[in-house]
Amino acid sequence: MNHRSFLYYDTFNTPLGPMTVLTNDEGVCRIDFGHYEDRIASYQSWKKKHFLKGELVYDPDHKYVQLTKNEIEEYFNGTRIEFTVPLNCYGTEFQRKVWRMLLHTVPYGETRSYKDIAAAMHTPKAIRAVGGAVNQNPFSIIVPCHRIIGSNGKLVGYAGGLEKKQQLLEFEKNHVVLPNRQ
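The structure reproduced in this document is the subject of the present report. (Residues numbered from 1 in each chain as written. Predicted model: local features only at pLDDT ≥ 70, side-chain atom pairs only at ≥ 80, totals over all residues. Heavy atoms only, no water.)

Quick word on the environment of alanine 133
Alright, step 1. Of note, alanine 133 is situated in helix H5 (residues 127–135).
Alright, step 2. Exposure remark for alanine 133: the relative accessible area of 2% places this residue in the buried category.
Alright, step 3. Separated by 64 residues in the primary sequence, alanine 133 and lysine 69 place their C-alpha atoms 25 Å from one another.
Alright, step 4. What alanine 133 contacts, discounting residues up to four positions off in sequence, is Phe94, Gln95, Val98 and Trp99. (Helix = DSSP H or I, 4+ residues; strand = E, 2+ residues; numbered from the N terminus. Buried < 20%, exposed > 50% of the residue type's maximum accessible area, 1.4 Å probe, protein only. Contact = heavy atoms within 4.5 Å.)

Considerations on the environment of arginine 39
Alright, step 1. Tracing the backbone shows arginine 39 in helix H1 (residues 36–50).
Alright, step 2. Along the chain, arginine 39 and threonine 20 lie 19 residues apart, while their C-alpha atoms are 8.7 Å from each other.
Alright, step 3. With residues up to four places along the chain from it excluded, the contact list for arginine 39 reads Arg30, Asp32 and Phe33.

Considering the packing of aromatic side chains
Alright, step 1. Counting across every chain of the model gives eleven aromatic pairs.
Alright, step 2. Residues tyrosine 75 and phenylalanine 83 carry aromatic rings whose centres are separated by 5.8 Å and whose planes lie at 35° to one another, so their mutual orientation is tilted. You'll find tyrosine 75 and phenylalanine 83 in the same group, each marked buried.
Alright, step 3. With 5.7 Å between their ring centres and 55° between their planes, phenylalanine 76 and phenylalanine 171 make a pair best called tilted. (Phe/Tyr/Trp six-rings, centres within 6.5 Å; stacked < 30°, edge-to-face > 60°.)

What is shown is where atoms sit, not what they do.
Shown next, in the form of structure tokens:
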């Protein structure tokens, strides 16, 4: 059986620069800061690991590509604080558990530490492992790793860079427009 899967992508502009979304027919697989062309090597290696025969296809009109772009635009317009796009997670069981914790326990405009997340997962000694999973988060903005700070209150690593992390935290602090929560 030579089943070929397709991964659809587009790069779009945000107030913090370009972002690239990668989806398949089940949902969103990745959302990263930067242009597709600048990330092609990492996408090829990610694709090889998770979709042996996957093919990357430029499709700005694919339903999940479009939905992701719309929801991130609404976020930056200050009208969305929660996302509805289906996430198609590829990671270890522990990584997926950490990403779910971030998604469901770190509200818009608030921060938590790696230690807080480890404690909430009932694995208080797993602070470094939580940090590693946060570092591998493939869903920039939607899974809010930008809201995770060091136990000392300092900003720590962010895939988009500490400047973007600071800008996202400032943005959320200053945009308290709350839509109806669904």
